[in-house]
Amino acid sequence: NAGVTQTPKFRVLKTGQSMTLLCAQDMNHEYMYWYRQDPGMGLRLIHYSVGEGTTAKGEVPDGYNVSRLKKQNFLLGLESAAPSQTSVYFCASSTLSGNTIYFGEGSWLTVV
Amino acid sequence: AQSVTQPDIHITVSEGASLELRCNYSYGATPYLFWYVQSPGQGLQLLLKYFSGDTLVQGIKGFEAEFKRSQSSFNLRKPSVHWSDAAEYFCAVGDGVTGGGNKLTFGTGTQLKVEL
């Protein structure tokens, strides 16, 4: 049982480049989330999805886009990366009740 | 809007000593509360959670937390710390609504150092 899997785990981008982070869950969860973690700031919600085909903005959505074309996948895109987007990105998924939330292992992104 | 405050950025304790990490939250309804632990370069591991019922919650690795509504607190405790407990600890509050998932707001974390 893989749980929540994030790819890639590490990536270095140049300013202005684009990339997509993939989150996959095998638990048939309705809800999926993308967070970013920065030193001294804890984790902050970027975007989330309440089901296939639906997405919503979180606390810090600017500069990111997301898509949930399949229930098991939640993609986070950076169209034009900026150094301020250097961060650790965590994906999570949860049941409808939200009682149990599973996190991925994180993706370390550096924008130079 | 919900918020979480972890007043202690760094805490150092001796191995075998007791530990209490503070967490205060702000939320209009009954909160969903979580404690996570993160080792360097690793993901988040859930220690324990509170949704309702008994206000003293037992978690993994010998941790417990007590929900005190009157103080808006959810402090994490451990009677005897082990060197392997050195890590960063995050408190989080969720806005869970029945059938509505659970968007978490995290505190800024407390870095725990354990002296041998």
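S.K.: Before we move on, can you summarise the overall build of chain A with the specific residues and values?
M.R.: Within chain A, the regular secondary structure consists of 0 helices and 11 strands. For chain A, the sequential pattern of α-helices and β-strands runs β-β-β-β-β-β-β-β-β-β-β. Its C-alpha atoms put chain A at 40 × 25 × 25 Å along the principal axes. Evaluated residue by residue, chain A yields a buried proportion of 50% over its 112 residues. When contacts within chain A are restricted to residue pairs at least 6 apart in sequence, those whose partners lie at least 24 apart make up 53%. Surface exposure of chain A reaches about 5100 Å², of which carbon and sulfur atoms provide 53%.

S.K.: An account of the state of the cysteines is requested, with residue identities and associated values reported.
M.R.: Residues and elements named next belong to chain A. Scanning the model with the defined rule gives 2 disulfides over all chains in all. Residue pairing for Cys 23: its cysteine sulfur links by disulfide to Cys 91, the two sulfurs lying 1.8 Å apart. The sign of the S-S torsion, about -75°, decides the handedness of the disulfide formed by Cys 23 and Cys 91: left-handed. Pair noted here: Cys 23 is in strand S3 (residues 19–25) and Cys 91 is in strand S9 (residues 87–94), with a separation of 68 residues, a long-range link.

S.K.: Describe the nonpolar core, and please don't skip the residues or the numbers.
M.R.: All names here are of chain B. Ranked by size, the top nonpolar core spans 26 residues in total, and within it Leu 19, Trp 35, Leu 47, Leu 48, Phe 74, Leu 76 and Tyr 89 carry the most contacts. Going through the elements one at a time, strand S2 (10–14), strand S3 (19–21), strand S5 (32–38), strand S6 (44–50), strand S8 (64–68), strand S9 (73–78), strand S10 (87–94) and strand S12 (110–115) are the ones with two or more residues in this core. For this core, the element with the most residues is S10, which contributes 4 residues. Apart from residues lying up to four places away in sequence, Leu 47 is in contact with Trp 35, Tyr 36, Val 37, Gly 59, Ile 60, Lys 61, Phe 63, Leu 76 and Tyr 89.

S.K.: Could you give an account of the layout of surface pockets, naming the residues involved and the relevant values?
M.R.: Here the largest pocket defines a volume of roughly 350 Å³. Considering the residues around the largest pocket, the lining is formed by 23 residues, among which Gln 37 and Pro 39 of chain A together with Gln 38, Glu 88 and Phe 90 of chain B are closest to the centre. Residue composition of the lining of the largest pocket, by class: 8 nonpolar, 13 polar and 2 charged. Within this model, the second largest pocket holds a volume of roughly 160 Å³. Every residue lining the second largest pocket is counted, 13 residues in all, and those nearest its centre are Val 37, Gln 38, Ser 39, Gln 45 and Lys 61 of chain B. Within the lining of the second largest pocket, the residues separate by chemical class into 4 nonpolar, 6 polar and 3 charged.

S.K.: Go over the environment of Gly 107 of chain B, please, and point to the residues and values.
M.R.: Note that Gly 107 of chain B resides in the loop between strand S11 (104–106) and S12. Sequence separation between Gly 107 of chain B and Trp 35 of chain B is 72 residues; the distance between their C-alpha atoms is 9.9 Å. Apart from residues lying up to four places away in sequence, Gly 107 of chain B is in contact with Gly 42 of chain A together with Val 4, Gln 6, Phe 90 and Cys 91 of chain B.

S.K.: Give me the lowdown on the side chain of Asp 8 of chain B, citing residues and values where you can.
M.R.: All names here are of chain B. Take Asp 8: it is sitting in the loop between strand S1 (3–5) and S2. Residue Asp 8 is classed as buried on the basis of its relative accessible area of 17%. Leaving out residues up to four positions away in the same chain, Asp 8 has contacts with Arg 22, Gly 109 and Thr 110.

S.K.: Account for the side chain of Lys 78 of chain B, naming residues and giving values.
M.R.: Residues and elements named next belong to chain B. Tracing the backbone shows Lys 78 in strand S9. Judged by relative accessible area, Lys 78 falls into the buried class, the value being 10%. Of the polar contacts made by the side chain of Lys 78, one reaches the backbone oxygen of Lys 61; its length is 2.9 Å. Among all residues touching Lys 78, those that are not within four sequence positions of it are Ala 17, Ser 18, Leu 19, Lys 61, Gly 62, Phe 63 and Asp 85.

S.K.: Can you tell me about the interface of chain B and chain A, naming the residues and giving the values?
M.R.: Reports of interface size often rely on the accessible area that becomes lost once the parts have come together. Counting from both sides, the interface comprises 21 residues of chain B and, opposite them, 23 residues of chain A. Around 1700 Å² of area is buried between chain B and chain A when both sides are counted, 56% of it from carbon and sulfur atoms. Among the residues of chain B in contact with chain A, Leu 44, Lys 103 and Phe 106 of chain B are the three that bury the most area, contributing 26% of the side total. At the boundary of chain B and chain A, one finds 0 salt bridges. Of all the secondary structure elements, the ones that give two or more residues to the side of chain B that touches chain A are S5, S6 and S11 of chain B. Looking at side-chain class alone, the side of chain B that touches chain A contains 9 nonpolar, 10 polar and 2 charged residues.

Here is what the cut-offs are and how they apply
- Residues numbered from 1 in each chain as written.
- Chains lettered and ligands numbered in written order.
- Predicted model: local features only at pLDDT ≥ 70, side-chain atom pairs only at ≥ 80, totals over all residues.
- Heavy atoms only, no water.
- Helix = DSSP H or I, 4+ residues; strand = E, 2+ residues; numbered from the N terminus.
- Buried < 20%, exposed > 50% of the residue type's maximum accessible area, 1.4 Å probe, protein only.
- Contact = heavy atoms within 4.5 Å.
- Areas by Shrake-Rupley, 256 points an atom, 1.4 Å probe, with all protein chains shown as cover.
- Disulfide = S-S within 2.5 Å.
- Core = buried A, V, L, I, M, F, W, Y, C linked by side-chain atoms within 4.5 Å.
- 1 Å grid on protein atoms, 1.4 Å probe; cavity = no way out; pocket = protein on both sides within 12 Å on 5 of 7 lines; lining within 4 Å.
- Points joined across faces, edges and corners; volume = space filled by probe spheres on them.
- Nonpolar A, V, L, I, M, F, W, Y, C, P; charged D, E, K, R; others polar.
- Polar contact = N/O pair within 3.5 Å; in protein donor to acceptor, adjacent residues only side chain to side chain.
- Buried area = accessible area lost by both parts, 1.4 Å probe.
- Salt bridge = Lys/Arg side-chain N within 4 Å of Asp/Glu carboxyl O.

Distances and angles like these do not, on their own, reveal function.
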